[in-house]
Amino acid sequence: MKYVSTRGRAPELDFADVTLTGLARDGGLYVPAAWPQLSAADLRALSGLSYAEAATRIMAPFVAPALTSDQLGGLVEAAYKSFSHQAVVPLVQLDSADWLMELYHGPTLAFKDVALQLLGQFFDHFLTARGQKVTVVGATSGDTGSAAIEACRDRDCVEIFMLHPAGRVSDVQRRQMTTVLSNNVHNIAVDGTFDDCQAMVKAMFNDLEFRDSLHLSAVNSINWARVMAQVVYYVTTAVALGAPDREVAFSVPTGNFGDIYAGYVARQMGVPIQQLIVATNINDILARTFETGAYTKGTVVPTITPSMDIQVSSNFERLLFDLHGRDGAQVTGLMDDFANSGEFRIGATELQSTRALFDATRVSEDETRAAIKATYEATGMLADPHTAVGLAAAARMRRDRHVPMVTLATAHAAKFPDAVEAATGVHPTLPARMGDLMTRAERYDSLPNDLETIKAYIRSHIGATKALA
Ligand SMILES: *Cc1c(COP(=O)(O)O)cnc(C)c1O
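Small disclaimer: the values here were computed from a predicted structure and weren't measured. What you see as residue numbers is a count from 1 along each chain, following the sequence as written. Per-residue local features are limited, in this predicted model, to residues with pLDDT of at least 70; the limit for side-chain atom pairs, both in listing and counting, is 80 or more; totals at the level of whole chains, interfaces and linings are taken over all residues. Hydrogens and waters are ignored; side-chain quantities use all the structure's heavy atoms.

Concerning the state of the cysteines
One way to say it: the disulfide is the covalent bond shared by the sulfur atoms of two cysteines.
1) Next: Cysteine sulfur pairs qualify as disulfides if the two atoms are within 2.5 Å. On inspection of all chains with the given rule, the structure shows zero disulfides.
2) Next: Cysteine Cys 157 is unpaired, with the sulfur of Cys 152 as its nearest cysteine sulfur at 8.5 Å.
3) Next: For Cys 197, which is in no disulfide, the shortest distance to another cysteine sulfur is to Cys 152 and amounts to 18 Å.
4) Next: Think of it in three bands: residues with accessible area under 20% of the maximum for their type are buried, residues over 50% are exposed, and the middle band is partly exposed, with areas taken using a 1.4 Å probe on protein chains only. Taking relative accessible area as the criterion, Cys 197 reaches 0% and is therefore assigned buried.

Right, here's the structure in full:
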């Protein structure tokens, strides 16, 4: 498979380079040059396979010829060994035609593990083959940091530096990062906000001398390999619920449009998905865009669903590319409008075409709490607040009650215990394998909100552990 940029002016790359590069040189995002197709017979043949076997078949056309099917299979097996449920992504029934897809059985109890555990394997494989090393630098307001650290820990070819705002992430979130004591993991508590952390990471990537000499790399959600890993569970879930003979609908709690875009890809590959519900919290740039066609930046308001507190949805550019006939020049024009004025507009025809598949809605904080409570009363299950946004949206927007509706459960309730306890009166407990999290030893360094200090720290800590090839 060759990959092309959504802005049309970057070189075509193969899967290995796309995985290691992330963002295209023209500022665009990489997408496959064509969508591989799953025929009705291909879908039938997936039924009964293990998650790893199905994942290997579904992803094989995206990674060839950079990886053989056997190589891919080995990496997939290794990635999902770290999950605590044999099904990897189990389905749980809520009502006659309502289901939950549990995406939180990975090492950090949130859905980002499904993609990042595999991305870690890809990095290891490609870098080892090339004899290269990279320095992953990131900023986190909570969940992404721990999932990235778990993906990179103990890998010889990666040093990871994760910046978090001191005192502004929850204790569980901080401990999920700082109790990983591997030599290649470096946690930095910055005396500043998440925006300060993110601005410094951006500045490091824009300092070309620093970037090149340290081989800086990112594992953020615009990486194609992450989207690809997420396509798998839409396919396996549809098959489990009757595809290719029966349609299915999904409700997806969304921030960066990564997870739901993976559902769109599954549909492009031939999976009979009747409806995709874009479920946002009150940071509703996506709900507004699908409603009015105007993609307009707002200011971020903190909510009980912090992983969706986003007002720029990076992966939306990938959908725009298809909506505009895969014309990079048109996408470039829209993104330039956005950079200049904080807004672009989608044409009426393109907007209409999204409505065949997508419905979008925004869920308030009260509605989120009510959905946690209602789910607990009806089923005895504790939904985390992000999942509850999806459940509320599913109830409001479903098109056809005869089509199974699957809500994506993106985090374990114990990651957000306060909101869950407030809504249900029940304190969700961490799974046994993590029960000692709050008493494990931590390691991190506290640094001032100063770019040069942090750059010097990174240089010296790479030098201290190993020289870069
Ligand atoms: C990241 C995240 C989301 C949003 O996913 P996107 O791919 O950014 O749309 C939803 N829920 C949880 C718990 C997350 O960590």
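So, the environment of Thr 305
1) Next: To qualify as a helix, a DSSP run of H or I must reach at least 4 residues; to qualify as a strand, a run of E must reach at least 2; elements of each kind are numbered from the N terminus. Structurally, Thr 305 can be placed in the loop between strand 11 (294-296) and helix 13 (316-323).
2) Next: Taking relative accessible area as the criterion, Thr 305 reaches 0% and is therefore assigned buried.
3) Next: Residues Thr 305 and Ala 262, spaced 43 residues apart in sequence, show a C-alpha to C-alpha distance of 21 Å.
4) Next: Contacts between residues were defined by any pair of non-hydrogen atoms, one from each residue, lying within 4.5 Å. When near neighbours in sequence (up to four residues on either side) are disregarded, Thr 305 contacts Asn 281, Pro 385, His 386 and Val 389.

Remarks on the site of the ligand
1) Next: Among the 15 residues in the neighbourhood of the ligand, the closest are listed as Lys 112, Gly 255, Asn 256, Asp 259 and Thr 410.
2) Next: Within the contact set of the ligand, a nitrogen atom lies 2.9 Å away from a side-chain nitrogen or oxygen of Thr 410.
3) Next: Here, Shrake-Rupley sampling with a 1.4 Å probe gives the accessible areas, and only protein chains in the shown set may cover a residue. In isolation the ligand has 390 Å² of accessible area, and contact with the protein removes 96% of it.
4) Next: Only Asp, Glu, Lys and Arg are considered charged in this grouping, and only Ala, Val, Leu, Ile, Met, Phe, Trp, Tyr, Cys and Pro are considered nonpolar; every other residue, Gly among them, is considered polar. Of the residues that constitute the shell around the ligand, the class distribution is five nonpolar, seven polar and three charged. In this text, near means that some heavy atom of the residue lies within 4 Å of the molecule or strand in question. Here a polar contact is recorded for every N or O atom pair within 3.5 Å, except that within protein the pair must consist of a potential hydrogen donor and a potential acceptor, and residues adjacent in sequence are included only if both atoms are side-chain atoms.

Comments concerning the pattern of salt bridges
1) Next: The rule for a salt bridge is simple: a side-chain nitrogen of Lys or Arg has to be within 4 Å of a carboxyl oxygen of Asp or Glu. Under the criterion given, the structure shown has 23 salt bridges.
2) Next: As a salt-bridge pair, Arg 44 and Asp 245 come within 2.9 Å of each other at their nearest N and O atoms. Of this pair, Arg 44 sits in helix 2 (residues 40-46) while Asp 245 is found in the loop between helix 10 (224-240) and strand 9 (248-253), placing the two residues 201 residues apart along the sequence.
3) Next: According to the relative accessible area criterion, Asp 245 is exposed, its value standing at 62%.
4) Next: Where Glu 367 meets Arg 396, a salt bridge forms, and the shortest distance between an N and an O atom there is 3.1 Å. You can see Glu 367 sitting in helix 16 (residues 365-379) and its partner Arg 396 sitting in helix 17 (residues 385-397), a full 29 residues away along the chain.
5) Next: On the accessibility criterion, Arg 396 (37% relative accessible area) is partly exposed.
6) Next: One network of salt bridges, with partners in common, ties together Asp 171, Arg 174, Arg 175 and Glu 442.

Here we look at helix 7 (residues 171-178)
1) Next: Buried residues dominate helix 7, accounting for seven of its eight residues.
2) Next: Of the positions making up helix 7, those classed as buried are Val 172, Gln 173, Arg 174, Arg 175, Gln 176, Met 177 and Thr 178.
3) Next: Against helix 6 (143-152), strand 6 (158-165) and strand 7 (185-191) lie the buried residues of helix 7.

Observations concerning the side chain of Thr 280
1) Next: Checked against the element boundaries, Thr 280 lands in strand 10 (residues 273-280).
2) Next: When its relative accessible area of 1% is taken as the criterion, Thr 280 is described as buried.
3) Next: Excluding residues that lie within four positions of it along the chain, Thr 280 makes contacts with Thr 254, Leu 286, Ala 287, Met 308, Thr 361, Arg 362, Val 363 and Val 389.

Things to note about the packing of helix 16 against helix 18 (residues 417-424)
Angle between the axes and distance between the axes: these two values describe a pair of packed helices.
1) Next: Here, axes are lines fitted to C-alpha atoms. For helices the fit covers the stretch in contact, and angles between N-to-C directions go from 0 to 180 degrees. The interhelical angle for the contact between helix 16 and helix 18, taken along N-to-C directions, is 65°, at an axis separation of 8 Å. At the point where helix 16 passes helix 18, the crossing takes the right-handed sense. From helix 16, Arg 369, Ile 372, Lys 373 and Tyr 376 reach across to helix 18, where they touch Ala 419, Ala 423 and Thr 424.
2) Next: Residue classes in the contact of helix 16 with helix 18 are distributed as four nonpolar, one polar and two charged. By definition, turning the near helix anticlockwise from the far helix through less than a right angle yields a left-handed crossing, and turning it clockwise yields a right-handed one.

A short note on the pairing of strand 14 (residues 405-409)
1) Next: By the criterion of burial, strand 14 is predominantly enclosed, with five of the five residues buried.
2) Next: Both faces of strand 14 are covered, namely the face carrying Met 405, Thr 407 and Ala 409 and the face carrying Val 406 and Leu 408.
3) Next: Across five bridges, the pairing between strand 4 (residues 98-102) and strand 14 is parallel. Along strand 14, the bridge assignment pairs Met 101 with Leu 408.
4) Next: Where strand 9 meets strand 14, three bridges bridge the pair, whose relative direction is parallel. Across the sheet, residue Phe 250 finds its bridge partner in strand 14, namely Val 406. Criterion used throughout: strands pair if DSSP finds at least two bridges between them.

Examining the packing of aromatic side chains
1) Next: Classification of ring pairs uses Phe, Tyr and Trp, with its six-membered ring standing for Trp, and accepts pairs whose centres are within 6.5 Å; under 30 degrees between planes counts as stacked, over 60 as edge-to-face, and the remaining range as tilted. Under the defined criterion, the tally for this structure stands at 23 aromatic pairs.
2) Next: Seen in terms of ring centroids, Phe 15 and Phe 122 are 5.1 Å apart; in terms of plane orientation they differ by 80°. Their pairing is edge-to-face. You can see Phe 15 sitting in helix 1 (residues 15-21) and its partner Phe 122 sitting in helix 5 (residues 112-130), a full 107 residues away along the chain. Grouping residues by exposure puts Phe 15 and Phe 122 together as buried.
3) Next: Aromatic side chains Phe 15 and Phe 126 sit 6.0 Å apart centroid to centroid with 65° between the ring planes, which places their arrangement in the edge-to-face category. One end of the pair, Phe 15, is in helix 1; the other, Phe 126, is in helix 5, with 111 residues separating them in the sequence.
4) Next: Judged by its relative accessible area of 0%, Phe 15 is buried.
5) Next: For Phe 126, a relative accessible area of 5% gives the class buried.
6) Next: Each residue in the set Phe 257, Tyr 261, Tyr 264, Phe 290, Tyr 295, Phe 316, Phe 338, Phe 344 and Phe 358 is aromatic and connected to the rest through ring pairs, giving one cluster.
7) Next: Comment: the charge-over-ring label is applied if NZ (Lys) or CZ (Arg) is within 6 Å of the ring centre and within 35 degrees of the ring normal. Of note, Lys 455 hangs over the ring of Phe 210, and the distance from its end group to the ring centre comes to 5.4 Å.

Side note on helix 4 (residues 69-80)
1) Next: Helix span, as expected, comes to 1.5 Å for every residue beyond the first. Here helix 4 spans 16 Å end to end across 12 residues, near enough to the 16 Å set by a 1.5 Å rise per residue.
2) Next: For helix 4, every residue scored as buried is listed here: Leu 72, Gly 73, Leu 75, Val 76, Ala 79 and Tyr 80. Taken end-on, helix 4 shows its buried residues confined to a sector of 165°, consistent with a single buried face.
3) Next: Against the buried residues of helix 4 lie helix 3 (51-63), helix 5 and helix 10. Of all possible arcs, the one meant is that of the directions from the helix axis to the C-beta atoms.

Digging into the sheet that holds strand 3 (residues 91-95)
1) Next: An order of 3-4-14-9-10-13 is seen for the six strands of this open sheet, with the pairing classed as mixed. Each edge of the open sheet is held by one strand with a lone partner, namely strand 3 and strand 13 (358-362). Going from strand to strand, the sheet's axes swing by 25° on average, the running direction of each strand aside.
2) Next: Contacting strand 3, strand 4, strand 9, strand 10, strand 13 and strand 14, helix 17 runs over the sheet at an angle of about 125° to strand 10.

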